[in-house]
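# Summary of structural features
Residue strings, one per chain:
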Amino acid sequence: MKKGLCYGDMDVPLAEGWEAGAQALKKVLSIKFDTPSSISYHSPLSRAARLADFITEGRSVSVDALKELDFGDWEGLCWQDIPKFEIDCWADDIVHATPYNGESLQVVADRVWQWWLSVRETSAEHVVVTAHSGVIKVFVSLLCQWPLAQCHRIDVGFSSLTEFSVQGDFVVLKRLGAGDWVSA
């Protein structure tokens, strides 16, 4: 994949060598979450679906709400090739602006939150979600009640682990974009 590529809901392959990190992630998740009361969800985009299939041995449910933000006209362009005034327009109202004719951050937040409300109604004790950086940043912001306009400041890497403890409306963020599970 081309370096500096703008992609959201564009289907791009997993990075070469993804299996090594995925194996470590699978190990830690199987220890913590391989119980009858656990459920796994993933984005239908192949990069998330493949990872979810690997770590859950095919027991994950595809959910459209977990797709990455749609960058519309910007999908497949290099960030450096996107006119600066368009990026500035987006930055002026990152929550609602869509100079790229795609989804706004608020639209992503709304669909992720609606999905989450349905998950909260299940009897699952543990929920594993395989999703994209933007979705994770939005989800963290929503659960922690942080300003959505600041979610871009959250750093989550590829195959990282973000962990919450949720008891009703009480949420504790235990890990954010952690890679420490590799040595666990």
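Use the structure listed above.
Just so it is clear, the model here is predicted, and its values are computed rather than measured.

## Quick look at the overall build of the chain
Secondary structure summary: the chain contains 5 helices and 5 strands in total. Along the chain, helices (α) and strands (β) appear in the sequence α-β-α-β-α-α-β-α-β-β when read from the amino end. In terms of C-alpha radius of gyration, the chain reaches 16 Å, essentially the compact-globule figure of 16 Å for 184 residues. By its C-alpha atoms, the chain is 50 × 40 × 25 Å across when sized along the principal axes. As displayed, the chain has an accessible area near 10200 Å², and 53% of this comes from carbon and sulfur atoms. Where the 16 positive side-chain charges of the chain centre and where its 25 negative ones centre are 7 Å apart.

## Concerning the packing of helix α4 (residues 105–120) against helix α5 (residues 133–144)
Closest axis-to-axis distance for the α4/α5 pair is 10 Å, and the angle between their directions is 70 degrees. Regarding the angle of α4 to α5, the classification is roughly perpendicular. Here the hand of the crossing between α4 and α5 comes out right-handed. Residues Leu105, Val108, Ala109, Val112, Trp113, Trp115 and Trp116 of α4 lie in contact with α5, whose contacting residues are Val135, Val138, Phe139, Leu142 and Leu143. Of the residues in the contact of α4 with α5, the class split is 12 nonpolar, no polar and no charged.

## A few points about the pairing of strand β4 (residues 161–167)
Where β4 and strand β5 (residues 170–178) come together, 6 bridges link them in antiparallel fashion. Residue pairing in the sheet places Phe164 in a bridge with Leu173 of β5. Between β4 and β5, which follow one another and run antiparallel, lie 2 residues, and Gly168 among them has a positive phi close to 65 degrees.

## A short note on helix α2 (residues 46–56)
Where α2 is concerned, the buried positions are Arg47, Ala48, Leu51, Ala52, Ile55 and Thr56. The buried residues of α2 all sit within an arc of 130 degrees when viewed along its axis, so they share a single face.

## Brief notes about the packing of aromatic side chains
One pass over the structure, following the stated rule, counts 15 aromatic pairs. Pairing Phe71 with Tyr100 gives two aromatic rings, centres 5.4 Å apart and planes at 65 degrees, and the pair type is edge-to-face. Within this pair, whereas Phe71 is found in the loop between β2 (60–62) and α3 (84–92), its partner Tyr100 is found in the loop between α3 and α4, the two being separated by 29 residues in sequence. A relative accessible area of 0% means that Tyr100 is categorised as buried. On the numbers, 5.7 Å between centres and 90 degrees between planes, the contact of Trp90 with Tyr100 is edge-to-face. Pair noted here: Trp90 is in helix α3 and Tyr100 is in the loop between α3 and α4, with a separation of 10 residues, a long-range link.

## A short note on the pattern of salt bridges
Taken as a whole and assessed by the stated rule, the structure comprises 6 salt bridges. Taking the shortest distance from any N to any O, the salt bridge between Lys84 and Asp88 comes out at 2.8 Å. Placement of the pair is Lys84 and Asp88 together in helix α3, with a separation of 4 residues, close to one helical turn. We classify Lys84 as exposed; its relative accessible area is 59%. Across the pair Glu163 and Arg175 runs a salt bridge whose closest N-O atoms are separated by 3.1 Å. With a gap of 12 residues between them, Glu163 in strand β4 and Arg175 in strand β5 connect regions that are remote in the sequence. This pair shows no difference in class: Glu163 is buried, exactly as Arg175 is.

Rules used throughout
- For every chain, the first residue of the written sequence is number 1, and numbering continues from 1 onward in sequence order.
- Two thresholds apply to this predicted model, a pLDDT of at least 70 for residue-level local features and 80 or more for giving and counting side-chain atom pairs, whereas whole-chain, interface and lining totals are computed over all residues.
- Note that the side-chain values use all heavy atoms of the structure and ignore hydrogens as well as water.
- A run of DSSP states H or I qualifies as a helix once it reaches four residues; a run of E qualifies as a strand once it reaches two. Both are numbered from the N-terminal end.
- Computation of the radius of gyration draws on C-alpha atoms, with the globule rule given as 2.2 Å multiplied by the number of residues to the power 0.38.
- For every accessible area listed, the method is Shrake-Rupley and the probe measures 1.4 Å; residues are considered covered only by the protein chains on display.
- Charge counting treats Lys and Arg as positive and Asp and Glu as negative, with His and both chain ends excluded.
- By convention, the point assigned to a charge is CZ for Arg, NZ for Lys, CD for Glu and CG for Asp.
- Axes here refer to lines fitted to C-alpha atoms; in helices the fit is confined to the stretch in contact. Angles between the N-to-C directions go from 0 to 180 degrees.
- Any angle between 65 and 115 degrees counts as roughly perpendicular, while under 35 counts as roughly parallel, over 145 as roughly antiparallel, and the rest as oblique.
- Two helices cross in a left-handed way if the nearer one is turned anticlockwise from the farther one by less than a right angle. They cross in a right-handed way if the turn is clockwise.
- Two residues qualify as a contact provided that any one of their heavy atoms is within 4.5 Å of a heavy atom in the partner residue.
- Just so you know the grouping, Ala, Val, Leu, Ile, Met, Phe, Trp, Tyr, Cys and Pro go in nonpolar, Asp, Glu, Lys and Arg go in charged, and all remaining residues, Gly too, go in polar.
- Strands were regarded as paired on the criterion that DSSP finds at least two bridges between them.
- Exposure categories follow from relative accessible area, calculated using a 1.4 Å probe and restricted to protein chains: below 20% of the type maximum is buried, above 50% is exposed, and the middle band is partly exposed.
- Along the arc lie the directions from the helix axis toward the C-beta atoms.
- Pairing of aromatic side chains here covers Phe, Tyr and the six-membered ring of Trp, requires ring centres within 6.5 Å, and sorts the geometry by plane angle: under 30 degrees stacked, over 60 edge-to-face, intermediate tilted.
- Salt bridges are identified by distance alone: a Lys or Arg side-chain nitrogen within 4 Å of an Asp or Glu carboxyl oxygen.

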